[in-house]
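Summary of structural features
Spelled out from the first residue to the last, the chains are:
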Amino acid sequence: MKLLDRNGFRTDDFSRAGADGAARLDAVIVPFADLPSTAARAGKRLGVDIPNTVTVEQLAPHFEKLALIGIAFPASTDGRGFSLGRRLRRAGFKGLLRASGPLIPDQFPYALACGFDEIELPDASAARQPESQWLQALGAITLPYQRGYARPSSIFEQRRQARKEAAHG
Amino acid sequence: MYRYDEFDERFVRERVAQFRDQVNRRLSGALTEEEFRPLRLQNGLYLQLHAYMLRIAIPYGVLSSQQLCQLAVIADKYDRGYGHFTTRTNLQFNWPKLKDAPDILDLLADVQMHCIQTSGNDIRNVTADQFAGVAGDEIEDPRPVAELIRQWSSLHPEFSFLPRKFKIAVIASQADRAVMKSHDVGIRIVRNKAGESGYEIFAGGGLGRTPMVGKRVREFLPKGQLLAYLEALLRVYNLEGRRDNKFKARIKILVHEIGIDAFRDRVEAEFARADAFSDDENAELARISAQFEVRNYEKLSARSETFEAARKSDPAFAEWVAHSLFAHKVDGYAAVTISLKPVGGVPGDMTSDQMRFFADLTDRFSLGELRVTHAQNLVLPNVKQDDLHALWRELGKAGLATPNVGLVTDIISCPGLDYCALATARSIPIAQAISNRFADKARQDEIGPLQIKISGCINACGHHHVGHIGILGLEKRGQESYQITLGGDPTENMAIGELLGPGLAAGDVPAAIERIVGVYLDKRADGETFIETVKRLGVSEFKAAFLAGAQNEAA
Amino acid sequence: MATPLKRTPLPAILIANDLRIGDVVFWSQSGWTRDPAAALVAHDQPAADALDAAATAGMARQEVVDAYLIDVDVREGVPVPRHFRERFKTLGPSVHPELGKQAQFAAYARAAAE
Ligand code: SF4
């Protein structure tokens, strides 16, 4: 597995519970089933792996203790995670949002716009698709249309600004 | 038509560069075919039987003469000199090469065109009434709303990997000329009791393996809230639509399985949490409307003496006029439907020569604008009645004056197994055989309005379910076999046709159509059209004749 | 995507589309060919396995896509697909006889039409 954020490949601070000595580490990801029984511990960060069928209602009670939610993308064509990520952000989740699965570079800007911070890639995808392709994909469309997504700006927003200025000018 | 601003322009250019990069990554092996496939489909590039196929978006069916000329250039330079208009009002080229596709996109971008989301599991090219903006019966022009949706849905970060394709149509009159209720979402611009205009929203329509008529989810959505509502609806679908079975992944199955009321509740709950951009959406809609050019129609009298005289003195012209005109909202003008269904021809095909010729006529007679219809015909929306006779004479020179709009030879046909990799049987040769069988114009007139629609597989691109007579090509024991349905209706009274009996061999189809038509001619009441007779008598009345004939042939 | 490993009745040939061009191609004695008459015919399982291997390799090298075996009848020494879908794929659109392989490879088209 390789971890990627908007700056490129990076090391993963988190490890999965169950791996040797994981419980002693600072940042641990547990399976969704273990979440209710896992308590937040002082000075440690807790993350959870979830399938893309989990609902916001199931997760919201745990937002406080969660530093990371990792949503599984079972295939690059399964876009449920984009909507789930967006729902989690709109429900107020402030921690790290991770997309886990074989996404492709062209989906990287979409993931960020829907509120994700990072992508955890299978090694085979990372081997074929070097860092440069991921970073380049972020700049492919400098100004997308939709407003309200986690992006610096949008065409609808720029036009709105222009109207505002015209009205005041 | 809508003219791009600098943002639209840059967006489309960047999209071309992005696709060029995607193609390069595919050719280098960075992208596997499995990864590349959704990317090329999102840009309208299919791999068909004999070659790639590029589907070019004609948003809500509107084209300029300049754009049509550019399509002719592409047809000659990168294809085999012809294109095919589809039931989604797009244009398909059947022979492009993958390595050339980015260059073709560049040529399209030069005339403000693209292939964005003409395929793939995303929000597809939006369609609208072909008479939008000129129809006397519309509440307002639906094209700006369609354009707003086009922009909003383009490269949508959340809805580009849906369970399945998602089609939206917009109309603005009670009459439905865009098969609105067969769409995943259908939007009708309406007025409420207070006289304000807003949107009536339908969801869960669709053809394909499980045909469904769209059901109403919202009686009245105020202006300004459309994108927030669509976002809510698409989010519910994206999360809850089935992904375990391709044939159950359309929104119609979700709506059917949980019921329209539960679906409505979920959408409303999501909508209640939506950001309110409403003033802004109205301002954006106003900006878009202003980007459509203002037509300076001449002040003409409602009755054109030139036209009336020509109609009297030239019977061939009168015959063409009888089927081709649609009432324009402005006095002295007409919207004209041009048949792309010459007798025995390939429905919806147009050669590059015809494109150039027609583009010139569009400039001379229709203020430079034309439309594509879901019935695979063209429309010149702005013709002066005074000019109709001259237009008709010109059309005749290029074989574009077939007087059969709406008649038995005006057949919708998908490409079928002559091109399509998904097909189970051919459809074009069936259309040609029926067209030749009914070539006699007097007979066509005697039969009157009759819509035959043919699909080459269960995906139903040829709309066979809503054909007055529908034909579906299947494979049976290693042979092409055709199922016939009766009583479908694509209008505001949308109905799904009923199966008449077992499948027929290709050669037996025209005779079967004859028998069905025969029952109608026998039993029709005075002035009754084919579909009216079918609805009055019921399908069973036709079944007996259909089956009896089929048995005679088998014997 | 068709999987190249499904068991196809014999005799069989290997059909695919050229990745860059899209044109239908066949595996022959000397690599990929556009001529259906030149397709290498596998009459036994080892030969069919070799075609499968050529399919996998051709896709891995980004030469072709959608490579799979189809069963054929050998008529006048020419392999003609048994299924009508594949027969159309080797010929071109039936409504445009001037386009596709039927126009380019007349001898093959004659054999396939029998
Ligand atoms: S209905 Fe089937 S055969 Fe016809 S174009 Fe659609 S997918 Fe192809």
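Residues numbered from 1 in each chain as written. Chains lettered and ligands numbered in written order. Predicted model: local features only at pLDDT ≥ 70, side-chain atom pairs only at ≥ 80, totals over all residues. Heavy atoms only, no water.

**Some remarks on the interface of chain B and chain A**
For clarity, the cut-off: Contacts: residue pairs with any heavy atoms within 4.5 Å of one another. A 1.4 Å probe defines the accessible area here, and the buried area is the portion of it lost by two parts on being joined, summed over both. A side-chain nitrogen of Lys or Arg and a carboxyl oxygen of Asp or Glu constitute a salt bridge if their distance falls within 4 Å. Each polar contact in these results corresponds to two N or O atoms within 3.5 Å; when the atoms are within protein, one needs to be able to donate a hydrogen and the other to accept it, and residues that are neighboring in sequence are counted only if both atoms are side-chain atoms. Only DSSP runs of H or I covering at least 4 residues are called helices, and only runs of E covering at least 2 are called strands; the numbering of each starts at the N terminus.
The interface of chain B with chain A comprises 49 residues on the first partner and 40 residues on the second. Summing the contributions of chain B and of chain A, the shared interface buries around 4000 Å²; its carbon and sulfur component is 52%. Among the residues of chain B in contact with chain A, Pro157, Phe161 and Leu239 of chain B are the three that bury the most area, contributing 19% of the side total. Across the chain B-chain A interface, the total number found is 13 salt bridges. One salt bridge connects Arg159 of chain A with Glu284 of chain B, and the closest N-O pair in it is separated by 2.6 Å. Applying the counting rule to chain B against chain A returns 26 residue pairs in polar contact (both at pLDDT 80 or more). Listed by contribution, the elements that provide at least two residues to the side of chain B that touches chain A are helix H1 (6-28), helix H2 (33-41), helix H5 (143-153), helix H6 (226-240) and helix H9 (278-291) of chain B. For the side of chain B that touches chain A, the element with the highest residue contribution is H1 of chain B, accounting for 10 residues.

**Topic: unusual backbone geometry**
Residue Leu10 of chain C is joined to Pro11 of chain C through a cis peptide bond whose omega torsion reads -5 degrees. Relative to the elements of secondary structure, Pro11 of chain C occurs in the segment before strand E1 (12-18).

**Looking at the domain arrangement of chain B**
Residue and element names in this part refer to chain B. This is how it is decided: In this document the domain limits rely on a domain assignment from an automatic tool or a database.
By the assigned domains, chain B splits into domain 1 (6-110), domain 2 (127-290), domain 3 (305-397) and domain 4 (412-554). Centre-to-centre, using C-alpha coordinates, domain 2 lies 32 Å away from domain 3. Between domain 2 and domain 3, the residue contacts involve 11 residues of the former and 14 residues of the latter. Summed over both sides, the interface of domain 2 with domain 3 buries roughly 960 Å², with 59% coming from carbon and sulfur. When residues of domain 2 are sorted by the area they lose upon contact with domain 3, Gln130, Phe131 and Val134 head the list and together hold 59% of the total.

**Thoughts on the confidence of the model for chain C**
Rule in force here: pLDDT gives the predictor's per-residue confidence on a scale running from 0 to 100.
Mean pLDDT over chain C stands at 93; residues scoring 70 or higher make up 95%. Two summary scores accompany this predicted model of the complex, namely pTM at 0.95 and ipTM at 0.96.

**Regarding the pattern of salt bridges**
Any two side chains of opposite charge can pair, given that their charged atoms come close. Worth spelling out the cut-off: For every residue, the accessible area (1.4 Å probe, protein chains only) is compared with the maximum for its type, and the residue is labelled buried under 20%, exposed over 50%, or partly exposed between those bounds.
With the rule as written, the count across this model stands at 81 salt bridges over all chains. Between Arg98 of chain A and Glu120 of chain A there is a salt bridge, and its shortest N-O distance comes to 3.6 Å. Here the residue Arg98 of chain A occupies a position in strand E7 (residues 96-100), and Glu120 of chain A occupies one in strand E8 (residues 118-121), the gap between them amounting to 22 residues. Note that Arg188 of chain B is salt-bridged to Glu200 of chain B, the shortest N-O span being 3.2 Å. Taken together, the residues Arg188 of chain B in strand E8 (residues 185-191) and Glu200 of chain B in strand E9 (residues 197-203) connect sequence positions 12 residues apart. Taken individually, Arg188 of chain B and Glu200 of chain B each receive the classification buried, so the pair is uniform in this respect. Through salt bridges with shared partners, a single network forms among Arg147, Glu157, Arg159, Arg160 and Arg163 of chain A together with Asp5, Asp8, Asp280, Glu284 and Arg287 of chain B.

**What about the side chain of Gln130 of chain B?**
With respect to the helices, strands and loops of the structure, Gln130 of chain B is situated in the loop between strand E6 (127-128) and H5. Apart from residues no more than four positions distant in its own chain, Gln130 of chain B is found in contact with Arg177, Arg371, Val372, Thr373 and Val379 of chain B.

**Section: the arrangement of the chains**
The pair of protein chains exhibiting the most contacts, out of 2 pairs of chains in contact, is chains A and B. Regarding chain A and chain C, which are not in contact, the minimum distance between any of their C-alpha atoms is 13 Å.

**Quick word on the site of the ligand**
Put simply, the rule reads: Working definition: residue near molecule or strand if any one of its non-hydrogen atoms lies within 4 Å of it. Charged means Asp, Glu, Lys or Arg here, nonpolar means Ala, Val, Leu, Ile, Met, Phe, Trp, Tyr, Cys or Pro, and polar covers whatever is left, Gly included.
By nearness alone, every residue bordering the ligand is listed as Cys414, Pro415, Gly416, Cys420, Leu422, Ala423, Ser455, Gly456, Cys457, Asn459, Ala460 and Cys461 of chain B. Broken down by class, the residue content of the shell around the ligand amounts to 8 nonpolar, 4 polar and no charged.

**Looking at the sheet that holds E9 of chain B**
All names here are of chain B. Put simply, the rule reads: One bridge is not enough; two strands pair if DSSP finds at least two bridges between them. Only the stretch in contact is used when fitting a helix axis, every axis being a line fitted to C-alpha atoms; angles between N-to-C directions are given from 0 to 180 degrees.
With respect to topology, 5 strands assemble into an open sheet ordered E6-E7-E8-E9-E10, the strand pairing being mixed. Unpaired on one side and paired on the other, E6 and strand E10 (215-222) mark the two borders of the sheet. Sheet topology note: the strand E7 (residues 168-171)/E8 ladder contains 4 bridges and is parallel. Bridging across to E8, Val170 finds its partner in Ile187. Against the sheet, H5 contacts E7, E8 and E9, and its axis sits at roughly 160 degrees relative to E7. Strands E9 and E10 of the sheet are contacted by helix H8 (residues 260-272), whose axis makes an angle of about 30 degrees with E10.

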